[in-house]
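Reading the structure
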Amino acid sequence: IFTSPMIATRLGLVEVVKTLIDKGFFGIHDFLPSGEDGRDHRISLVGACLRNESVDNSVLRYLLSRDDFDLNAPWSQDRTHDKALHLATQSEHADPEALKMILDHPSCFVDMVDLDEDRGTPLHLLCQSRRDSEHAVVKMKILLECGANPTERDGLGDTPFYYLTARIGHSITEEGVRLATELLAVLQIAIISRRNQQQDEED
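Within each chain, residue numbers correspond to sequence positions counted from 1 in written order. With pLDDT at 70 or above as the cut-off, local features in this predicted model cover only qualifying residues; side-chain atom pairs require 80 or more to be listed or tallied, and sums for whole chains, interfaces and linings still use all residues. To obtain the side-chain values, all non-hydrogen atoms of the structure were included, while hydrogens and water were left out.

As for the state of the cysteines
Disulfides are defined as pairs of cysteine sulfur atoms found within 2.5 Å of each other. Tallied over the entire structure, the rule returns zero disulfides. With no disulfide of its own, Cys127 lies 16 Å from the sulfur of Cys146, the closest cysteine sulfur. Unpaired in this structure, Cys146 has its nearest cysteine sulfur neighbour in Cys108, at a distance of 8.0 Å.

Right, here's the structure in full:
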């Protein structure tokens, strides 16, 4: 069953969410029943914003504007190593505007690692994703424009380029191959640009 704050979040009712928080009914980062799949899966309001395709970004914008918002807080009780930036990058329901809003937060670091065993950056996670999201290319460009390192290695020693080439090999649909190839082209341009910049600095 959806709780009132979850309903308000999904409907974009900012004033309702604000009132419920200010009246102390729950904390901004509390885990609340999501009502997903009929199971007791608990997520934060930020998680609800980024996992629901029908919601606009008004509640997310409000949450990010609060002084007590912590960008390092986990969005799910089950995935405590995942932060809002990682979810915004991976979720097919989170649009590019939501990702940009999070990246614009003063405490955001574009190469923030996911604290699981792989320790990948948002760019790693985007390149690993098997979801053929229409937003993937735009999100990659946003991450790179915000300074994401295209040659960064994760905890396994792998780069975003490695994951993208593997993704092309495992794609089973024509659309999947097309999307992965387009992502790879964007990434290669960023890698070349970064190398040229480094060479100019050395010269």
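Comments concerning the environment of Phe69
Secondary-structure assignment places Phe69 in the loop between helix H4 (58-65) and helix H5 (84-90). Here the alpha-carbon distance between Phe69 and Ile28, two residues 41 residues apart in the chain, equals 7.1 Å. Contacts are assigned to residue pairs with any non-hydrogen atoms lying within 4.5 Å of each other. In this structure, Phe69 is in contact with Ile28, His29, Val46, Leu63, Leu64 and His105, ignoring residues within four places of it in sequence. For helices the rule is a DSSP run of H or I covering at least 4 residues; for strands it is a run of E covering at least 2, with both sets numbered from the N terminus onward.

What about the packing of aromatic side chains?
The way to describe two aromatic rings as a pair is by their centre distance and the angle between their planes. To pair, rings of Phe, Tyr and Trp, with the six-membered ring standing in for Trp, must have centres within 6.5 Å; the planes then decide the type, stacked if under 30 degrees apart, edge-to-face if over 60, and tilted in the middle. Under the criterion given, the structure shown has one aromatic pair. Aromatic pair Tyr162 and Tyr163: ring centres 5.3 Å apart, planes at 75°, arrangement edge-to-face. Overall, the relative accessible area of 43% leaves Tyr162 in the partly exposed class. Relative accessible area decides the class of each residue, using a 1.4 Å probe on protein chains only: under 20% of the type maximum gives buried, over 50% gives exposed, and in between gives partly exposed.

A closer look at the packing of helix H9 (residues 160-170) against helix H10 (residues 174-202)
In contact at an axis separation of 9 Å, H9 and H10 are set at 160° when each is read in the N-to-C sense. For the element pair H9 / H10, the angle class is roughly antiparallel. As for how H9 packs across H10, the hand of that crossing is left-handed. Seen from H9, the contacting residues are Pro160, Phe161, Leu164, Thr165, Arg167 and Ile168; seen from H10, they are Val177, Leu179, Ala180, Thr181, Leu183, Leu184, Leu187, Gln188 and Ile191. Three classes are used: nonpolar for Ala, Val, Leu, Ile, Met, Phe, Trp, Tyr, Cys and Pro, charged for Asp, Glu, Lys and Arg, and polar for all others, with Gly counted as polar. The residue inventory of the contact of H9 with H10, partitioned by class, reads eleven nonpolar, three polar and one charged. Helix axes are fitted to C-alpha atoms over the stretch in contact, other axes to C-alpha atoms as well, and angles between N-to-C directions run from 0 to 180 degrees. To sort the angles, those under 35 degrees are grouped as roughly parallel, those over 145 as roughly antiparallel, those from 65 to 115 as roughly perpendicular, and the leftovers as oblique. By convention the crossing between two helices is left-handed if the near helix lies anticlockwise of the far one by an angle smaller than a right angle, and right-handed if it lies clockwise.

Digging into the pattern of salt bridges
Between Lys or Arg on one side and Asp or Glu on the other, a salt bridge is scored when a side-chain nitrogen of the former is within 4 Å of a carboxyl oxygen of the latter. What the rule picks out here adds up to eight salt bridges. For Arg66, the salt bridge identified is with Asp22, shortest N-O distance 3.4 Å. Remark: Asp22 occurs in helix H2 (residues 14-22) and Arg66 occurs in the loop between H4 and H5; sequence separation between them is 44 residues. As a salt-bridge pair, Glu175 and Arg178 come within 2.6 Å of each other at their nearest N and O atoms. Residue Glu175 and its partner Arg178 are located together in helix H10, separated by three residues, close to a single helical turn. Of the residues examined, Glu175 reaches a relative accessible area of 39% and is grouped as partly exposed.

Don't take any of this as a statement about function, it's just geometry.
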